[in-house]
Amino acid sequence: MPAVRWVEPASGPLGRPFLVMERAEGAVPVDNPPYVFGGWLYETNDDERAALGRASVRVLAEIHAIENPASRILSLAGSVLSGLRGHFENERAYYEWTRRDDGLRIPLLEKAFEWLEAHWPTEPSPDVLCWGDARIGNIMYDGTTPVAVLDWESAALAPREVDLGWFICSTACSRRSPNSSRFPACPNSSGARRWWRNTRGSQASRCVT
């Protein structure tokens, strides 16, 4: 993955602090128009899509295996809540913020919050570094090999299933496209769970299966 080569804390050269990273070369599955309509990923065969899916799930496992993430990313430290509870409360607070001015309610989301509270795990998985927007549209590939992981503003300390669940959900959403019948899910949810289990050596919790 591209590495940070230099951090400049002074604001003189560019008017604000900045960092310099290695340049990554590759292609990203695009969102607009969605990759299920065409493009390089659409043109791949079943074996290539399977290889890309396995490699993408392996990226999740490698991120989650990073040791002491709070000591590496200081903005992640300091919360008094567990990672799962903090993530949940942040999402619920965001929902309330979106309806602050017009009071518009989304009953489906409110039912989801209620369901999650009613089915809260008694022993959540340990907190790890969660990417926060885990999906193939945020990975750059050289062929089927990931070369860069993008879009980190939602990174958090949380159980690894948070990333896996979103990874599966984002794939399922792509399948709702009018053109998705011509494009197999990449990766499909059962394949993602199986590859994750093989990589992790453990089952995912029921909330993402």
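Definitions and cut-offs
Residues numbered from 1 in each chain as written. Predicted model: local features only at pLDDT ≥ 70, side-chain atom pairs only at ≥ 80, totals over all residues. Heavy atoms only, no water. Core = buried A, V, L, I, M, F, W, Y, C linked by side-chain atoms within 4.5 Å. Buried < 20%, exposed > 50% of the residue type's maximum accessible area, 1.4 Å probe, protein only. Helix = DSSP H or I, 4+ residues; strand = E, 2+ residues; numbered from the N terminus. pLDDT = per-residue confidence, 0-100. Contact = heavy atoms within 4.5 Å. Pairing = 2+ DSSP bridges. Salt bridge = Lys/Arg side-chain N within 4 Å of Asp/Glu carboxyl O. Axes fitted to C-alpha atoms, helices over the stretch in contact; angles between N-to-C directions. Parallel < 35°, antiparallel > 145°, perpendicular 65-115°, else oblique. Left-handed = near helix turned anticlockwise from the far one by under 90°.

### Thoughts on the nonpolar core
Core analysis: the biggest nonpolar cluster contains 22 residues, and Val57, Leu60, Ile63, Trp131, Ile136 and Phe167 have the highest contact counts within it. At the level of elements, helix H1 (46-64), strand E4 (139-142), helix H5 (160-174) and helix H6 (189-200) are the ones that each hand at least two residues to this core.

### A short note on the confidence of the model for the protein
In this model, the protein carries an average pLDDT of 82, and 82% of its residues clear a pLDDT of 70 or more. Counted against residues more than four places away or in other chains, residues 201-209, with its pLDDT under 50, gives 16 contacts.

### Concerning the pairing of E4
Bridge count between E4 and strand E5 (residues 145-149): 4 bridges; the pairing is antiparallel. Each bridged residue has a counterpart across the sheet, and for Ile139 the counterpart in E5 is Val149. Following E4, the chain reverses through 2 residues before pairing antiparallel with E5; Gly143 in that reversal takes a positive phi of roughly 70 degrees.

### Details of the pattern of salt bridges
Where charged atoms of side chains with opposite charge meet at close range, the side chains can pair. Overall, the coordinates contain 11 salt bridges when judged by the stated rule. For Glu89, the salt bridge is made with Arg85, and the minimal N-O distance between the two is 2.9 Å. Of this pair, Glu89 and Arg85 both sit in helix H3 (residues 83-98), 4 residues apart, roughly one helical turn. Of the residues examined, Glu89 reaches a relative accessible area of 26% and is grouped as partly exposed. The partner of Glu117 in a salt bridge is Arg92, and the shortest N-O contact between them spans 3.1 Å. Here Arg92 lies in helix H3 and Glu117 lies in helix H4 (residues 107-118), a separation of 25 residues in the sequence. Given a relative accessible area of 31%, Glu117 falls into the partly exposed group.

### Some remarks on the packing of H3 against H4
Contact pair H3 / H4: the axes reach a minimum separation of 11 Å and the direction vectors enclose 160 degrees. Judged by the inter-axis angle, H3 sits roughly antiparallel to H4. For the element pair H3 and H4, the recorded crossing hand is left-handed. Within the contact between the two elements, H3 uses Arg85, Phe88, Glu89, Glu91, Arg92 and Tyr95 and H4 uses Leu109, Glu110, Phe113, Leu116 and Glu117.

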